[in-house]
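Here are the chains, one letter per residue:
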Amino acid sequence: MIFDTHAHYDDEAFQADRAEVLNELSASGIRRVVNVGANRESTENSLKLAEEYDFFYAAAGVHPSDTAEFERSPEETIREGEPAASLDWLRRCLRHPKAVAVGEIGLDYHWNEPDREIQKKWFSAQLTLAKALQKPVIIHSRDAAKDTLDLIREAGGPDFSMVIHCFSYGVEMAREYLNMGYYLGIGGVVTFANAKKLKEVVSYMPLDRLLLETDCPYLAPVPHRGKRNWSGYLPGVIQAIAGLKQVSPETVEQAAWENAFRFYRLPQPRE
Ligand SMILES: [Zn+2]
C-alpha cells in the first residue's frame, strides 16, 4: 500500500481527466494522498479535494514563489483580481479537520522573484504559526540551503516535525536535518541517471525517515520523465530506492507507508 505524501492534483494539468485519474489510484495500490497547497487558490482547492475524496488529505500554506500574495492589500486584490493571503486566512484553513500539515513553505532562490527578504519574512511567519498550532511542516527549499536551515533553527529547530520535500541537497545537509528528527521526501528524481547526489543521500539515510512523494504533475520518474506525473508511477520509485538500499521493494513500501502515518499523525488503518 502506497501513501503519496506530496501531490498537486488540483493542478490544471489534471483539469481534463481529474476524476478518472483519482478513481484509478486505488487500482494502482495508492491508498492515501496528501494534496499540497502552494498559494491561496491551491490550498483551498486541496481542501475541496480532501472533502470530496475519503483517502485525500490537504496541506495548507504559501510556497516561497507565491509569498507576494501576503503582501497584497485588499484594494489591490479587488482591482487586479489577484488573490491575497493572510495569516488569519491560513489559520482558518488549518482548522479544517482534513488539514494535516502546513506547506509547502520555504525558500526558493532559483528564481529572483519575489525578493529574498519577502520570502524569508513569510517563511518565518508561517513557521511560527505551525509551531503555535503544533502542525507538521512541509518544506520547499531550492538553492537556499543555508538560509532555510538558519530560519528553521531560529524558529525552533527540533521542536518541529518536518519533511524536506523533494530533497535536493547533499549528504552533509541531509545529516543536519536527520539530526533534528526530520524526514526527507523522495520522488521521481531518484530514478534520474544524473541524480548522483540524491542517490548518495538515499543510500545514507535511514529508511524510517523516508517519505514517498510524486510532486505530480511534476518530476515523473524514468521511463516517464518529462511526462505528466501521477502516484501510479511510485512503484518505479520504490524499485529505485530498494536497489540503492539493497532491500526488497516490499520493505521500502511498508516503511514509507508507516512513516507517512507517523509524520502526518494519522491513525494507520487495520488491514
Ligand atoms: Zn510540491
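Refer to the structure printed above.
Quick look at the structure, then. (Residues numbered from 1 in each chain as written. Predicted model: local features only at pLDDT ≥ 70, side-chain atom pairs only at ≥ 80, totals over all residues. Heavy atoms only, no water.)

**As for the overall build of the chain**
Here's step 1: From N to C terminus, the chain includes 10 helices and 8 strands.
Here's step 2: Taken against the 2.2 N^0.38 rule, which gives 18 Å for 271 residues, the C-alpha radius of gyration of the chain at 18 Å falls within 12% of a compact globule.
Here's step 3: Viewed in the frame of its principal axes, the chain has a C-alpha envelope of about 55 × 40 × 35 Å.
Here's step 4: Expressed as a percentage of its 271 residues, the buried residues of the chain come to 55%.
Here's step 5: Looking at the chain alone, contacts between residues at least 24 apart form 72% of all its contacts between residues at least 6 apart.
Here's step 6: Entry remark: accessible area of the chain is about 12300 Å², with carbon and sulfur atoms responsible for 48%.
Here's step 7: For the chain, the separation between the mean place of its 31 positive charges and that of its 40 negative charges on side chains is 5 Å. (Helix = DSSP H or I, 4+ residues; strand = E, 2+ residues; numbered from the N terminus. Rg over C-alpha atoms; globule rule 2.2 N^0.38 Å. Buried < 20%, exposed > 50% of the residue type's maximum accessible area, 1.4 Å probe, protein only. Contact = heavy atoms within 4.5 Å. Areas by Shrake-Rupley, 256 points an atom, 1.4 Å probe, with all protein chains shown as cover. Lys, Arg positive; Asp, Glu negative; His and termini not counted. Charge placed at Lys NZ, Arg CZ, Asp CG, Glu CD.)

**Side note on the packing of aromatic side chains**
What describes a pair of aromatic rings is the distance from one ring centre to the other and the angle between the planes of the rings.
Here's step 1: Scanning the model with the defined rule gives 16 aromatic pairs in all.
Here's step 2: A centroid spacing of 6.2 Å and a plane angle of 85° characterise the contact between Y53 and F55, whose relative ring orientation is edge-to-face.
Here's step 3: Judged by its relative accessible area of 14%, Y53 falls in the buried class.
Here's step 4: Ring geometry for Y177 versus Y182: centroids 6.0 Å apart, planes at 25°, classification stacked.
Here's step 5: Judged by its relative accessible area of 0%, Y182 is buried. (Phe/Tyr/Trp six-rings, centres within 6.5 Å; stacked < 30°, edge-to-face > 60°.)

**A short note on the coordination of the zinc ion**
Here's step 1: Coordination sphere of the zinc ion, protein contribution only: H6 (NE2), H8 (NE2), E104 (OE) and D215 (OD), at 2.1 to 2.3 Å.
Here's step 2: Coordination at the zinc ion is irregular, judged from the 4 donor atoms that bind it and the angles of 86 to 173° they form at the metal.
Here's step 3: The sequence pattern describing where the donors of the zinc ion fall on their chain is H-x1-H-x95-E-x110-D. (Donors = N, O, S within 2.8 Å, 3.2 Å for Na, K, Ca; no water. Tetrahedral: all angles 85-135°; square planar, octahedral: opposite > 155°, others 65-115°.)

**Here we look at the sheet that holds strand β5 (residues 137-142)**
Here's step 1: Spatial strand order, β1-β2-β3-β4-β5-β6-β7-β8: 8 strands in an open sheet with parallel pairing. Every interior strand has two partners, whereas the edge strands, β1 (2-7) and β8 (210-212), have only one. Each strand axis lies, on average, 30° off the axis of its neighbour in the sheet, ignoring direction.
Here's step 2: Taken together, the 3 bridges between β5 and strand β6 (residues 162-164) define a ladder with parallel strand orientation. (Pairing = 2+ DSSP bridges. Axes fitted to C-alpha atoms, helices over the stretch in contact; angles between N-to-C directions.)

**Focus: the layout of surface pockets**
Here's step 1: The space that makes up the largest pocket amounts to roughly 920 Å³.
Here's step 2: As for the largest pocket, its lining consists of 32 residues, of which H8, D11, E104, D215 and Y218 are closest to the centre.
Here's step 3: At the level of elements, α1 (18-25), α2 (40-52), β4 (99-108) and β5 are the ones that each hand at least two residues to the lining of the largest pocket.
Here's step 4: Considering only residue class, the lining of the largest pocket consists of 9 nonpolar, 10 polar and 13 charged. (1 Å grid on protein atoms, 1.4 Å probe; cavity = no way out; pocket = protein on both sides within 12 Å on 5 of 7 lines; lining within 4 Å. Points joined across faces, edges and corners; volume = space filled by probe spheres on them. Nonpolar A, V, L, I, M, F, W, Y, C, P; charged D, E, K, R; others polar.)

**Looking at the side chain of K98**
Here's step 1: With respect to the secondary-structure elements, K98 resides in the loop between α4 (87-94) and β4.
Here's step 2: With no salt bridge to any partner, buried K98 finds its closest opposite charge in D54, at an N-O distance of 5.1 Å.
Here's step 3: A distance of 3.2 Å separates the side chain of K98 from the backbone oxygen of Y53, its partner in a polar contact.
Here's step 4: Within the structure, the side chain of K98 is placed 2.7 Å from the backbone oxygen of F56, a separation counted as a polar contact. (Salt bridge = Lys/Arg side-chain N within 4 Å of Asp/Glu carboxyl O. Polar contact = N/O pair within 3.5 Å; in protein donor to acceptor, adjacent residues only side chain to side chain.)

**As for the packing of helix α8 (residues 196-204) against helix α9 (residues 234-245)**
Here's step 1: With their axes 8 Å apart at the nearest point, α8 and α9 run at an angle of 65° to one another. In terms of orientation, α8 lies roughly perpendicular with respect to α9. Handedness of the α8/α9 crossing: right-handed. Residue-level contacts link K199, V202, S203 and Y204 of α8 to I241, L244 and K245 of α9.
Here's step 2: Of the residues in the contact of α8 with α9, the class split is 4 nonpolar, 1 polar and 2 charged. (Parallel < 35°, antiparallel > 145°, perpendicular 65-115°, else oblique. Left-handed = near helix turned anticlockwise from the far one by under 90°.)

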